[in-house]
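Residue-level structure breakdown
Okay, here's what each chain looks like letter by letter:
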Amino acid sequence: MEQTYGKSMNQKTADIVIMNEVRAIVARGEPLSRLLDPWVQASLNQRYPAILKFMPTNNETIYDKYVVKIDKETTAELKSFMAKLPGHVNVAMDGVTVLSKQKMW
């Protein structure tokens with residue numbers, strides 16, 4: 001695959017682009033290896049020239065660098081939401097017991 005070089009691509013910009021791609025992959029329930037697919041990488045390179053040199057090379061890197069951040073952000077967002085709710089909050093997720101309460105519909 002031919003690499004093109006753009007003037008504005010740097011590590012920070014690449015991380016933002018890749019993070020958004022990983023968010024979409026996780027949201028769709030696709031495997032992380034999708035980001036390693038040559039066709040996906042070619043599409044990214046077409047949209048964001050010179051991004052290939054910043055692309056992760058294996059699933060472990062994708063998970064450690066991006067998915068863990070997404071998980072921490074999501075958990076913090078959920079904690080923030082729960083803290084804003086008045087009174088005692090009871091939440092059941094897929095049959096999991098939360099705050100000593102369990103409710104199945």
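Going by the structure above, here's the rest.
Heads up: these notes are all about the structure in this document. Here the residue index of a chain counts from 1 through its sequence in written order. Reporting of local features is limited, given that this is a predicted model, to residues whose pLDDT is at least 70; pairs of side-chain atoms are given and counted only at 80 or more, and all residues count toward the totals for whole chains, interfaces and linings. Side-chain metrics rest on all non-hydrogen atoms present in the structure, leaving aside hydrogens and water.

1. Looking at helix α1 (residues 11–28)
- Under the scheme used here, helices are H or I runs from DSSP no shorter than 4 residues and strands are E runs no shorter than 2 residues, and both carry numbers assigned from the N terminus. What a helix is expected to span follows from its residue count: subtract one and scale by 1.5 Å. Taking 1.5 Å of rise per residue, the 18 residues of α1 would be expected to cover 26 Å, and the 25 Å separating its terminal C-alpha atoms lies within 8% of that figure.
- Along α1, the residues that are buried comprise Ala14, Val17, Ile18, Met19, Glu21, Val22 and Ile25.
- Buried residues along α1 sit against α2 (38–47) and α3 (59–84).
- With a side-chain oxygen lying 3.2 Å from the backbone nitrogen of Lys12, the N-terminal cap of α1 falls on Asn10.
- Phi turns positive one or two residues past the end of α1, at Gly29, with a value near 75°. Each residue is placed in one exposure class: buried if its accessible area under a 1.4 Å probe, protein chains only, is under 20% of its type's maximum, exposed if it is over 50%, and partly exposed if it falls in between. Working rule for contacts: check all heavy atoms of both residues, and any pair within 4.5 Å makes them a contact. Polar contact is the term for a pair of N or O atoms within 3.5 Å; when the atoms are in protein, one must be able to donate a hydrogen and the other to accept it, and sequence-neighboring residues count only if both atoms are side-chain atoms.

2. Focus on the nonpolar core
- Definition of nonpolar core: a set of buried residues of the types Ala, Val, Leu, Ile, Met, Phe, Trp, Tyr and Cys, connected through side-chain atoms within 4.5 Å. In this structure, Ile18, Val22, Leu35, Leu44, Ile51 and Met55 are the most contacted members of the largest nonpolar core, which totals 20 residues.
- Among the elements of the structure, α1, α2 and α3 are those that each provide at least two residues to this core.
- At six residues, α1 tops the list of elements feeding residues into this core.

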